[in-house]
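Observations on the three-dimensional arrangement
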Amino acid sequence: MSTHVFDQAMALTVMGDGLYTGATSPAYANMIGPYGGITAATVLNGVMQHPALLGEPLSLTVNYAAGLADGAFELSAQPVRTNRSTQHWVMAVTQADGAGQRQTVITASAVTAARRDTWSVDDEPMPEVPAPHDVPPYAVPSPVEWIRRYEMRPIEGAIPSEWDGRGSGSLSRLWFRDAPSRPLDMCGLAAQADVFFPRVWLRRATRVPAGTVSMTVYFHAGVAQLAECGQGWTLGQARAQAFRNGFFDQTALLWNENGHLLCSSHQVVYFKE
């Protein structure tokens, strides 16, 4: 097993056919429970380890039904339909509550697929930005532990330095990679898709409680293309489209250093006044 902190955090023990046990990692602690990206990676890891897996991830949706508590959990990952080229999955994470009753805290679904060589093009070009080595390192002013698991170099739309209510936009662009660096794979990409701080903080320059309700990641790159990225940098771009009635959305795009679109991601996020 890899000694990298990311691999240790998403490690699972096989208990049966698509049944696993795992535990949260303090290295990826968030304000409440673990960082949502490591939870998404762990759920996907259950699919990746299943002996019936067809192909590789095409999409992943994770619904954060309740806060994942620090400690042990159980994961079920089951293929519910296998076609010639695609396979459909249903996953769930459960934990025992204070009374010892098992409760569902995460529901998820995924589609895996056998990728074939076809005509391909990126219709969303990578924006023109400085190279990673031309952007100074940045220590994110946050007390949560998971932030330290990524080296971030923001180009625009960094976390506000003053919480004065004078935000004007929700667009962020930044280079980032695992810290310490790690070869990019499907689970690592799923985690990176959630690396952005809440858009409402940037748009308003006001820190309010916020948390992802549901996140979907569409994987445009396969295993082989991710292997070509090595331990390089990822360029991430995120923006919101609307803030209304206690919820907002977020669209994110991730490219590698060569300008290839690796994935797109969409979230709906709760915020509290």
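The structure under discussion appears in the preceding block.
Attention here is on the structure that accompanies the text.

Concerning the layout of surface pockets
Roughly 1100 Å³ of internal volume is contained in the largest pocket. Lining the largest pocket are 49 residues, with N30, M31, P198, A210 and G211 positioned closest to its centre. Elements represented by at least two residues in the lining of the largest pocket include exactly α2 (36-49), β7 (150-156), β8 (172-178), α4 (199-204), β9 (210-219), β12 (247-256) and β13 (261-271). Its residues assigned to classes, the lining of the largest pocket shows 31 nonpolar, 12 polar and 6 charged. Of the pockets and cavities examined, the second largest pocket occupies roughly 450 Å³. Lining of the second largest pocket is provided by 14 residues; of these, R115, S120, H220, A221 and Q225 occupy positions nearest its centre. By residue class, the composition of the lining of the second largest pocket is 4 nonpolar, 6 polar and 4 charged.

With respect to the state of the cysteines
Considering all chains together, one arrives at 0 disulfides under this definition. Not engaged in a disulfide, the cysteine C229 finds its nearest cysteine sulfur in C263; these two sulfurs lie 11 Å apart.

Digging into the pairing of β12
Taken across its 10 residues, β12 has 7 buried, putting it largely inside the fold. Here strand β10 (residues 234-239) pairs with β12 via 6 bridges, running antiparallel. Pairing of Q237 across the sheet is with L253, part of β12. Where strand β11 (residues 243-244) folds back on β12, the antiparallel hairpin that results is connected by 2 residues, among which N245 adopts a positive phi of roughly 55°. Strand direction decides the pairing type here: β12 and β13, joined by 9 bridges, are antiparallel. Residue pairing in the sheet places A252 in a bridge with S265 of β13.

Structural notes on empty space enclosed by the protein
According to the stated counting rule, one finds 2 cavities of 30 Å³ or more in the structure shown. The calculated volume of the largest cavity comes to roughly 100 Å³. Every residue along the wall of the largest cavity is listed here: A9, A23, T24, S25, P34, I38, T39, T42, V43, L68, F73 and V93. Of all the elements, α2 adds the most residues to the lining of the largest cavity, at 4 residues. Of the residues assigned to the lining of the largest cavity, the class counts are 8 nonpolar, 4 polar and no charged. Its volume calculated, the second largest cavity comes out at about 40 Å³. Taken together, R177, D178, R182, L184, Q192, Q231, G232 and T234 form the lining of the second largest cavity.

Here's the deal with the side chain of S59
Residue placement: S59 occurs in strand β3 (residues 56-64). The buried category is assigned to S59, whose relative accessible area is 15%. Beyond its immediate sequence surroundings of up to four residues, S59 is in contact with S109, A110, V111, V217, Y218 and F219.

Here's the deal with a nonpolar patch on the surface
A grouping of V213, F247, V268 and Y270 is seen on the molecular surface, where their side chains present a nonpolar patch of about 310 Å² in accessible area. Mapping Y270 onto the fold places it in strand β13. Using a relative accessible area of 37% as the deciding quantity, one classes Y270 as partly exposed.

Each value, and the rule that gives it
- Residues numbered from 1 in each chain as written.
- Predicted model: local features only at pLDDT ≥ 70, side-chain atom pairs only at ≥ 80, totals over all residues.
- Heavy atoms only, no water.
- 1 Å grid on protein atoms, 1.4 Å probe; cavity = no way out; pocket = protein on both sides within 12 Å on 5 of 7 lines; lining within 4 Å.
- Points joined across faces, edges and corners; volume = space filled by probe spheres on them.
- Helix = DSSP H or I, 4+ residues; strand = E, 2+ residues; numbered from the N terminus.
- Nonpolar A, V, L, I, M, F, W, Y, C, P; charged D, E, K, R; others polar.
- Disulfide = S-S within 2.5 Å.
- Buried < 20%, exposed > 50% of the residue type's maximum accessible area, 1.4 Å probe, protein only.
- Pairing = 2+ DSSP bridges.
- Contact = heavy atoms within 4.5 Å.
- Patch = residues over 30% accessible without salt bridge, like charges linked within 9 Å, V, L, I, M, F, W, Y side chains within 5 Å.
- Areas by Shrake-Rupley, 256 points an atom, 1.4 Å probe, with all protein chains shown as cover.
- Salt bridge = Lys/Arg side-chain N within 4 Å of Asp/Glu carboxyl O.

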